[in-house]
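For reference, the chains in residue letters:
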Amino acid sequence: MVNQQISPTKGNLLDTKRSLNLARLGFDLLDRKRNILIREMMSLIDKATEIQNKIDETFSSAYIALQRANISLGICDEIAGATPVEEGVHITYRSVMGVEIPLVSIDAQPATLSYGFESSNSLLDEAYIKFYAVKMLTVELAEVENSVYRLANAIRKTQKRANALKNIIIPRFDETVKFITEALEEKDREEFSRLKVIKRQKEQASA
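A quick note: this is a predicted structure, and the numbers were derived from the prediction, not measured. (Residues numbered from 1 in each chain as written. Predicted model: local features only at pLDDT ≥ 70, side-chain atom pairs only at ≥ 80, totals over all residues. Heavy atoms only, no water.)

**Considering a positive patch on the surface**
Next up, step 1: On the surface, Arg156, Lys157, Lys160 and Arg161 cluster together into a positively charged patch.
Next up, step 2: Inspection of the secondary structure assignment puts Arg156 in helix α3 (residues 122-206). (Patch = residues over 30% accessible without salt bridge, like charges linked within 9 Å, V, L, I, M, F, W, Y side chains within 5 Å. Areas by Shrake-Rupley, 256 points an atom, 1.4 Å probe, with all protein chains shown as cover. Salt bridge = Lys/Arg side-chain N within 4 Å of Asp/Glu carboxyl O. Lys, Arg positive; Asp, Glu negative; His and termini not counted. Charge placed at Lys NZ, Arg CZ, Asp CG, Glu CD. Helix = DSSP H or I, 4+ residues; strand = E, 2+ residues; numbered from the N terminus.)

Here it is in structure tokens:
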């Protein structure tokens, strides 16, 4: 829809053409950004699927090991309560096309047992080690899934802006350029006709 308040002048035509070129450039940049973010997200989705499969497998074997330990030792809730809270998780960020992607790390330490050997056995040790592996995989999955969420949100916003430029802003500028161009051409034709009439009148007067 053309803004009828715009005067059809050459200055406004140049301004509108500049705005149109900027809008097209903005759309190209947003489209490129969207494609890069989609590629990044798809690679992370594949990685998340792989990690999730590992976690499911490790969880399954860890619970089986824990059930065996419970059968041989009785319920291991007191031993579980002695396990220290994990405080070695760290979060930093990297930028992908202006999107802050988390990098989650955990202090790499061997799985050290926090309970005594008198009240435990090898079945409990096996369960502990497997749940430790689950913890490490969970940290990795948290990073990937959070990154996918942030990228998906950024892609949605980028797509929305690109659609606004493509379907609203650029067509509006195109129509305005066409309106001003046609108005100026019509004005030039009228001026040409007016000059023609004046010239003919002068020639008749001279004759």
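**Notes on the nonpolar core**
Next up, step 1: With 16 residues, the main nonpolar core has Leu37, Ile51, Val99, Val144 and Leu151 as its most contacted residues.
Next up, step 2: When residues of this core are assigned to their parent elements, the largest contribution, seven residues, is made by α3.
Next up, step 3: Setting aside residues no more than four positions away along its own chain, Leu37 makes contact with Val96, Met97, Val99, Leu151, Ala154, Ile155 and Thr158.
Next up, step 4: Counting eleven residues, the second-largest nonpolar core is a separate cluster that includes Phe27, Leu30, Val177 and Ile180. (Core = buried A, V, L, I, M, F, W, Y, C linked by side-chain atoms within 4.5 Å. Buried < 20%, exposed > 50% of the residue type's maximum accessible area, 1.4 Å probe, protein only. Contact = heavy atoms within 4.5 Å.)

**A few points about the side chain of Arg34**
Next up, step 1: With respect to the element layout, Arg34 can be found in helix α1 (residues 10-73).
Next up, step 2: If we skip the residues at most four places from it in the chain, Arg34 touches Ile155, Thr158 and Gln159.

**Thoughts on the pairing of strand β2 (residues 99-106)**
Next up, step 1: Relative to β2, strand β1 (residues 89-96) is paired through eight bridges, and the arrangement is antiparallel. Following the sheet pairing, Ser95 is matched in β2 by Glu100.
Next up, step 2: Once β1 ends, the chain turns through two residues before running back antiparallel as β2, passing Met97 with a positive phi of about 50°. (Pairing = 2+ DSSP bridges.)

**Quick notes on the confidence of the model for the protein chain**
Next up, step 1: With 86% of its residues at a pLDDT of at least 70, the protein chain reaches an overall mean of 84.
Next up, step 2: Per-element mean pLDDT across the protein chain ranges from 66 in helix α2 (residues 77-81) up to 91 in α1. (pLDDT = per-residue confidence, 0-100.)

**Section: the packing of aromatic side chains**
Next up, step 1: The full count for this structure, using the stated rule, is three aromatic pairs.
Next up, step 2: Measuring from ring centre to ring centre gives 6.2 Å for Phe59 and Phe131, while their planes differ by 75°; the resulting arrangement is edge-to-face. Residue Phe59 is found in helix α1, and its partner Phe131 is found in helix α3; the two are separated by 72 residues along the sequence.
Next up, step 3: According to the relative accessible area criterion, Phe59 is partly exposed, its value standing at 27%.
Next up, step 4: One aromatic cluster is present, built from ring pairs that chain together Phe59, Tyr63 and Phe131. (Phe/Tyr/Trp six-rings, centres within 6.5 Å; stacked < 30°, edge-to-face > 60°.)

**Let's talk about a nonpolar patch on the surface**
Next up, step 1: Taken together, Leu22, Leu25 and Leu29 make up a surface patch of nonpolar side chains, about 300 Å² in accessible area.
Next up, step 2: Inspection of the secondary structure assignment puts Leu25 in helix α1.
Next up, step 3: Taking relative accessible area as the criterion, Leu25 reaches 45% and is therefore assigned partly exposed.

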